[in-house]
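# Close look at the chain arrangement
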Amino acid sequence: MNRLDGLNIQQQQAVRADSGPVLVLAGPGSGKTRVLTQRIAYLIGTIGVRPYNILAVTFTNKAAREMAARVAAPLGEDLKFPYMGTFHSICARILRRETEHLPFQTNFVIFDQDDQLSLVKQAVRELNLDEKRYRPNSLHASISNAKNELLLPDDYPVQTYRDEVTQRVYRRYQEMLLANNALDFDDLLLYSAILLEETPAVRERYARRFEHILVDEFQDTNMAQYRLLRSLSSFHRNLFVVGDADQSIYRWRGADYRNVLRFREDFPDAQVILLEQNYRSKQSILDLATAVINRNPQRISKRLFSDLGQGKKPILYEVYDDRLEAAFVVDTIRQLTRDQRAEPGEFAIMYRTNSQSRLLEEAFLQANIPYKLVGAQRFYGRKEVKDVIAYLRLVHNPNDELSLGRVINTPPRGIGSKTYLFLKTQAQRQGISPGQLLLQLNRPEFSQILEAAGSRAKSALLHFGALLGGWIALKDELPPLSLMDRILESANLHNYIDDQSDEGQDRWENVMELRRLTAEYQDLGLEAFLEQIALVSDQDTLEANANAPTLLTLHAAKGLEFPIVFITGLNDGLLPHSRSFEDPEAMQEERRLFYVGITRAKDGLFLTYSQNRSAYGYSELVSPSRYLDDIPHNLLDELQPSHKSRSAFPDGSRPAERWESSRLGAPSQERQNPVIQPQFSAGMRVKHPAWGEGMVLNSRIQDDDEIIDVFFAGVGLKHLAASLARLEIMT
DNA sequence: ATGGACAATGTTTTT
DNA sequence: CATTGTCCAT
């Protein structure tokens, strides 16, 4: 069977493009993931490129895993793509191998947002600056922007006094990171880009290796990422990028859709391929999307068309306040699912800010409907989870002062701030990190130091040092899971975290969830495990198999699709967000964000806004989003209950009933995208031509294909695409 | 050293 | 309101 079946002319052109630079401009729903996957399969299967020589940058790590699985399955081999992943994880990999050229060691840790902020705070304090005047948050943003522009502290442009202060903080911040043997997110890109630009031998090694480079979501690359790509592709020049300027939503973290223009300048011979046909949404949804995005100036107007049928008009609904908004969402979902017109998992609810999820969650909880919340931060940001991770991080890299500070007295073991300060001061005097000193305290040369501490402090420090030393001795022998268990046990964390209160039990549940996640990465080793945790994206946490509505921000929705989408909080100040009001560029991005949200919907779209909205606990009158004024009336079905009512449906107008009796989303003609029925289910025994017999553990439908997890004896767990893997069901 | 009480202060979006 | 920081009594 020809693998190019089912692709349109432009898609095929992209998949089989000759070597050289290629720019694919892909509108929403135009099948770009498929193109990328098929392109890689084509390079390997037809051109004979080895996976080793391919670099593929995806938007999430999960996307990378799935892409690899799909490419590997039809070839029936166990293909490994060492360089497939997000920019950040690819950079981390490069940096760990090249530390001989770099100012840190190979076991560096990656500092998360909180760590970064507390480091900036520390720097601000050390420099005796006024925290009110120089907010750590804003300084960190400036530093981050500089890094994304590849500006080191010495290059930081100083025009005002504030710039000068920022430069000083930046310099100190960098020193502190290195002292901790730690990098922040931006450093991963920064050091990689600079290393490649300034070390020709290294650049050449990678540039020669990567015969083909493929990049997804190219419109969201920043300068560091762009320059990195330029270096990496400098030998073979086979740079295949896919993007859509209308979906650029990360300007605030340095992304610049003008990289698309830059690309055409730097690679004038680039082939440009346009993917316009939409295979996702009903025309009525695309019409709305077009009406919204066309108001942005200076853009190349693309036409969005689909032959999935006209579909029903998106519904616009006004509510009295945000509580009723949540009630409306939950109620509508309940009705549509009860009438069997949709499955719970077919719904997504999107919003501009994370805080908006709360009322929605409460409404779902109250209605007893399970839901999924997208957001890695929500889980990994919890104190108890961070604490346990900090222990692991410290064991992996004892120089990590922040982790040490976090765990040294958690649970309380008699090392309060005074004693910890003492340890830090002494360490500084010795020119070593506090962690190193702690580990060596029992050596004779440090006996005076020990005596200088009080006797209680002395024994507490010695005890914890011994504990830490014990774990470190085990770290290479035990898998991360066993190490974690050991730590939980010997640090007595169970009793500390679960104090028998309800919250305590919740907290321990979270730790057990972390433990479960650790089990999944059992064979990775501690370093890789910690790296994965540090670089998980929000979308990575999305469980594909739970059949429940998904709650997520508009940003997190990028690249996803759902049969029925709610976009809530369509109020001025929220979407567009008030923080963007004064900046025209930012305002255009707000509009693109709305556009991204709309184009996630396949069959149904609900837009909601409220007359009042609560912030800080107070409710205030708000206006509908200005974007609603731009939409011609005939594109929306407007429903408005009478004002000030206390029920979401006072007049008995139940919006769900507008959807008539036919099953939602069952189109009259299903030609392009037949809905796939799962053929496999957990527990089934199957046979693979290369790997033999296996057991199906899980099955889910994604992007018109069934993805199944199969365990093969002797081979291990495999993720396979049902349409591609030649599996035989055994009876 | 520890824990509790109170104030202050802050909300965009994320790797 | 909800988290975080600071001060004070034990």
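Since this is a predicted model, take the numbers as computed values, not measurements.

So, about the overall build of chain A. Counting secondary structure elements, chain A contains 26 helices and 21 strands. By the burial criterion, 56% of the 731 residues in chain A qualify as buried. When contacts within chain A are restricted to residue pairs at least 6 apart in sequence, long-range pairs at least 24 apart make up 74% of them. Here chain A holds 87 positive side-chain charges and 96 negative ones, and the gap between their average locations is 1 Å.

Given a rise of 1.5 Å per residue, 15 residues ought to cover 21 Å, and the 21 Å separating the end C-alpha atoms of helix H26 (residues 584-598) matches this to within 8%. Within H26, 13 of the 15 residues are buried, which leaves it mostly tucked inside the rest of the structure.

This next bit is on the pattern of salt bridges. In the structure shown here, the tally under the stated rule is 51 salt bridges. Here Asp 499 makes a salt bridge to Arg 507, at a shortest N to O gap of 3.4 Å. The exposure class assigned to Asp 499 is partly exposed, which follows from its relative accessible area of 42%. The shortest N-O distance in the salt bridge between Glu 520 and Arg 516 comes to 3.3 Å. With Glu 520 and Arg 516 both in helix H24 (residues 502-520), this residue pair falls four residues apart, about one helical turn. What makes Arg 516 partly exposed here is its relative accessible area of 43%. Residues joined by salt bridges that share partners form a network here, namely Lys 32, Asp 216, Glu 217, Asp 220 and Lys 558.

Structurally, the position occupied by Thr 99 is in the loop between helix H4 (87-97) and strand S4 (109-110). Contact partners of Thr 99, with chain neighbours within four places excluded, come to Phe 104, Gln 105 and Thr 106.

Our focus in this paragraph is the packing of aromatic side chains. Applying the stated criterion across every chain yields a total of 21 aromatic pairs. Relative to Phe 606, the ring of Phe 328 has its centre 6.1 Å away and its plane inclined at 70 degrees; by these criteria the two rings are edge-to-face. Of this pair, Phe 328 sits in helix H13 (residues 322-338) while Phe 606 sits in strand S14 (residues 601-615); the two residues are 278 residues apart in sequence, bridging distant segments of the chain. Given the relative accessible area of 0%, Phe 328 is considered buried.

It is worth spelling out the protein's contact with DNA strand B at this point. Neighbouring DNA strand B are 27 residues; Gln 113, Arg 135, Arg 352, Asn 354 and Asn 409 lie closest to it. The sugar-phosphate portion of DNA strand B accounts for 52% of its atoms within 4 Å of the protein, the bases making up the rest. For DNA strand B, a phosphate oxygen lies 3.3 Å from a polar atom in the backbone of Gly 414. Counted by class, the surface near DNA strand B contains five nonpolar, 14 polar and eight charged residues.

Angle between the axes and distance between the axes are the two parameters that describe a pair of packed helices. Closest axis-to-axis distance for the helix H12 (residues 283-293)/H26 pair is 9 Å, and the angle between their directions is 175 degrees. Classified by the angle their axes make, H12 and H26 are roughly antiparallel. Contact with H12, carried on its side by Ile 285, Leu 288, Ala 289, Val 292 and Ile 293, involves Arg 591, Arg 592, Phe 594, Tyr 595 and Ile 598 of H26 and no other residues of that element. Residue composition of the contact of H12 with H26, grouped by class: eight nonpolar, no polar and two charged.

Within the structure, DNA strand C sits among Lys 121, Arg 358 and Tyr 616. For DNA strand C, a phosphate oxygen lies 3.0 Å from a polar atom in the side chain of Arg 358.

Time to look at the side chain of Thr 37. Within the secondary structure, Thr 37 sits in helix H2 (residues 32-47). Not counting the four nearest positions on each side in its chain, Thr 37 is found in contact with Met 67, Arg 70 and Val 71.

On the basis of which strands lie adjacent, the open sheet formed by six strands has the order S3-S2-S6-S7-S1-S8 and parallel pairing. The sheet is open, and its two edges are formed by strand S3 (84-85) and strand S8 (271-275), each paired on a single side. Where strand S1 (residues 22-26) and S8 come together, five bridges link them in parallel fashion. Within S8, the position partnered with Leu 25 by the bridge is Leu 274.

Before going further, it helps to spend a moment on the environment of Val 385. Note that Val 385 resides in helix H16 (residues 383-396). A residue is classified by how much of its surface remains accessible, and Val 385, at 0% relative accessible area, is buried. The sequence separation of Val 385 and Val 292 amounts to 93 residues, and the corresponding C-alpha distance is 41 Å. Ignoring anything within four residues of it in the chain, the contact list for Val 385 reads Phe 379, Tyr 380, Asn 510 and Leu 514.

Let us look at the nonpolar core. Of all hydrophobic cores here, the largest spans 48 residues; its most connected members are Tyr 380, Phe 464 and Trp 471. Setting aside anything within four residues of it in sequence, one finds Tyr 380 in contact with Val 385, Lys 386, Ile 389, Leu 514, Leu 517, Ile 533 and Val 536. Residues Phe 104, Ala 193, Leu 196 and Leu 228 belong to the second largest nonpolar core, which totals 43 residues.

Moving on, we get to unusual backbone geometry. Between Thr 410 and the following residue, Pro 411, the backbone shows a cis peptide bond with an omega angle of 0 degrees. Cis rather than trans, the peptide bond between Leu 575 and Pro 576 has omega equal to 5 degrees. Note that Pro 576 resides in the loop between strand S13 (562-567) and H26. A positive phi is found at Asn 492, a non-glycine position, where the angle reads about 60 degrees. On the secondary structure map, Asn 492 appears in the loop between helix H22 (480-490) and helix H23 (493-497).

Turning next to helix H14 (residues 357-367). For H14, every residue scored as buried is listed here: Ser 357, Leu 360, Glu 361, Ala 363, Phe 364 and Ala 367. The arc that holds the buried residues of H14, viewed along the axis, is 160 degrees, so those residues lie on one side. Exposed side chains of H14 directed beyond 90 degrees from the buried face belong to Arg 358, Leu 365 and Gln 366. Packing partners of the buried residues in H14 comprise H13, strand S10 (347-351), strand S11 (372-373), helix H15 (376-380) and strand S12 (550-553).

Right, let's get into the environment of Leu 514. Tracing the chain through its elements places Leu 514 in helix H24. Among the residues examined, Leu 514 registers a relative accessible area of 0% and is labelled buried. With 30 residues separating them along the chain, Leu 514 and Met 484 place their C-alpha atoms 9.8 Å apart.

With that out of the way, let us pick up the environment of Ala 725. Structurally, the position occupied by Ala 725 is in the loop between strand S20 (716-721) and strand S21 (728-730). As for Ala 725 and Ala 69, which are separated by 656 residues in sequence, their C-alpha atoms are 9.8 Å apart. Setting aside chain neighbours within four positions, we find Ala 725 in contact with Ala 73, His 688 and Leu 720.

We now examine a negative patch on the surface. A cluster of acidic residues, Asp 502, Glu 503, Asp 506 and Glu 509, forms a negative patch at the surface. Within the secondary structure, Glu 503 is located in helix H24.

So, how was this worked out
- Residues numbered from 1 in each chain as written.
- Chains lettered and ligands numbered in written order.
- Predicted model: local features only at pLDDT ≥ 70, side-chain atom pairs only at ≥ 80, totals over all residues.
- Heavy atoms only, no water.
- Helix = DSSP H or I, 4+ residues; strand = E, 2+ residues; numbered from the N terminus.
- Buried < 20%, exposed > 50% of the residue type's maximum accessible area, 1.4 Å probe, protein only.
- Contact = heavy atoms within 4.5 Å.
- Lys, Arg positive; Asp, Glu negative; His and termini not counted.
- Charge placed at Lys NZ, Arg CZ, Asp CG, Glu CD.
- Expected span 1.5 Å × (residues − 1).
- Salt bridge = Lys/Arg side-chain N within 4 Å of Asp/Glu carboxyl O.
- Phe/Tyr/Trp six-rings, centres within 6.5 Å; stacked < 30°, edge-to-face > 60°.
- Near = heavy atom within 4 Å.
- Polar contact = N/O pair within 3.5 Å; in protein donor to acceptor, adjacent residues only side chain to side chain.
- Nonpolar A, V, L, I, M, F, W, Y, C, P; charged D, E, K, R; others polar.
- Axes fitted to C-alpha atoms, helices over the stretch in contact; angles between N-to-C directions.
- Parallel < 35°, antiparallel > 145°, perpendicular 65-115°, else oblique.
- Pairing = 2+ DSSP bridges.
- Core = buried A, V, L, I, M, F, W, Y, C linked by side-chain atoms within 4.5 Å.
- Arc of directions from axis to C-beta.
- Patch = residues over 30% accessible without salt bridge, like charges linked within 9 Å, V, L, I, M, F, W, Y side chains within 5 Å.
- Areas by Shrake-Rupley, 256 points an atom, 1.4 Å probe, with all protein chains shown as cover.

Note that every value here comes from positions in space, so none of it alone points to a role or purpose.
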